[in-house]
Amino acid sequence: QNAYCNNLTAIDAVFAFKGKKPLSVSGSVNVNKNVDFQRFKGDINFVSQENSEINLAAELNSNIFFDQAGGTWNLKSDLATNKNIYLQKGYLNTNNQTVTCYEFNGNSSSKRALNLGKSQVNVNNWNFSESFNLNFYAEKSNLVFAEDIAPNFATASDLFYGDIRSGSSKASHTLETTPTDATCP
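Residues numbered from 1 in each chain as written. Predicted model: local features only at pLDDT ≥ 70, side-chain atom pairs only at ≥ 80, totals over all residues. Heavy atoms only, no water.

> Even after reading the chapter, I still don't get the overall build of the chain, so can you show me in this structure?
Across its full length, the chain holds zero helices and 21 strands. A compact globule built from 185 residues should have a C-alpha radius of gyration of about 16 Å, and the chain, at 17 Å, falls within 12% of that. For the C-alpha atoms alone, the extent of the chain along its principal axes is close to 55 × 35 × 30 Å. Burial status across the chain gives 45% buried among its 185 residues. (Helix = DSSP H or I, 4+ residues; strand = E, 2+ residues; numbered from the N terminus. Rg over C-alpha atoms; globule rule 2.2 N^0.38 Å. Buried < 20%, exposed > 50% of the residue type's maximum accessible area, 1.4 Å probe, protein only.)

What follows is the structure in structure tokens.
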């Protein structure tokens, strides 16, 4: 059976989450770093319809979905999963925190927004090839690919990024961008 909760809070406890069923959270998350999520393999669905905070310092083995129209999620800690992050609906503010995942996917036709601020985002794959209904703020961010950039970077032409680089010394591709509008003094 799927698990649902309004706010997920585990500040003073030391315990482990386990299972494969999805967990839906309709409020804020405040979980200390001693809570063990390594045996929890279910998806985590953030479905708040209001302004929520996410303090989830544990490393996850779950797909993470931000999927509620009108929802706003503000990271208060780094966010790391061995699986994927999907921004389908709502507004995600990474709040200059580090985000680590296999794939970060923002493709959707629904209204959504991503503010990366000065965050470093560590990924294998980045897929924001659809910018319809997307507000995107990433000009000061650092996007770091585990391997080559070119085959793993899908983006719409109207999205702008800060630093994009490969964290691998074996990377053999270079990403080149050409501005369509430029003003020179």
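> How do you make sense of the nonpolar core when you look at a structure like this?
When a protein is soluble and globular, its nonpolar side chains tend to lie buried together. Judged by nonpolar contacts, the single largest core of 44 residues is most densely connected at Phe-66, Phe-104, Trp-126 and Tyr-161. Broken down by element, this core gets its largest block of residues, four residues, from strand β10 (residues 64-75). The residues touching Tyr-161, leaving out its near neighbours within four places in the chain, are Trp-126, Phe-128, Phe-136, Ala-138, Glu-139, Leu-143, Phe-153 and Thr-155. (Core = buried A, V, L, I, M, F, W, Y, C linked by side-chain atoms within 4.5 Å. Contact = heavy atoms within 4.5 Å.)

> Teacher, can you tell me more about the environment of Gly-167 here?
Counting through the fold element by element, Gly-167 comes out in the segment after β21 (163-166). Through-space distance from the C-alpha of Gly-167 to that of Val-123 is 9.6 Å; in sequence the pair is 44 residues apart. Leaving out residues up to four positions away in the same chain, Gly-167 has contacts with Val-144, Phe-145 and Ala-146.

> I'm lost on the packing of aromatic side chains in this one. Help?
If you walk through the whole model with that rule in mind, you get 14 aromatic pairs. Aromatic side chains Phe-65 and Tyr-86 sit 4.7 Å apart centroid to centroid with 10° between the ring planes, which places their arrangement in the stacked category. Taken together, the positions of Phe-65 in strand β10 and Tyr-86 in strand β12 (residues 85-93) put the pair 21 residues apart, joining distant regions of the chain. Among the aromatic residues, those joined into a cluster by ring pairs are Phe-104, Trp-126, Phe-128, Phe-136, Phe-145, Phe-153 and Tyr-161. (Phe/Tyr/Trp six-rings, centres within 6.5 Å; stacked < 30°, edge-to-face > 60°.)

> Honestly, unusual backbone geometry in this entry has me stumped. Any pointers?
What is expected of a backbone is that most residues other than glycine have negative phi and most peptide bonds are trans. Backbone geometry at Asn-95 places phi at a positive 60°, although glycine is not the residue there. Mapped onto the fold, Asn-95 is located in the loop between β12 and β13 (99-100). Classification of Asn-95 by relative accessible area gives partly exposed; the value is 27%.

> In this structure, what is going on with the side chain of Thr-81? I would like to understand it.
Topologically, Thr-81 is positioned in strand β11 (residues 79-81). Of the polar contacts made by the side chain of Thr-81, one reaches the backbone oxygen of Leu-60; its length is 3.4 Å. Setting aside residues up to four positions removed in sequence, Thr-81 forms contacts with Leu-60, Asn-61, Ser-62, Ile-64, Thr-100, Cys-101 and Tyr-102. (Polar contact = N/O pair within 3.5 Å; in protein donor to acceptor, adjacent residues only side chain to side chain.)

> What is the right way to read the pattern of salt bridges from this model?
Between side chains of opposite charge, pairing is possible as soon as their charged atoms come close. Scanning all chains against the criterion turns up three salt bridges. A salt bridge links Glu-53 to Lys-76, with the shortest nitrogen-to-oxygen separation between them at 4.0 Å. Residue Glu-53 is found in strand β8 (residues 51-56), and its partner Lys-76 is found in the loop between β10 and β11; the two are separated by 23 residues along the sequence. For the salt bridge of Arg-165 with Asp-163, the shortest nitrogen-to-oxygen distance reads 2.5 Å. Residue Arg-165 is classed as partly exposed on the basis of its relative accessible area, which comes to 34%. (Salt bridge = Lys/Arg side-chain N within 4 Å of Asp/Glu carboxyl O.)

Everything listed here is a matter of coordinates, which is why it stays silent on function.
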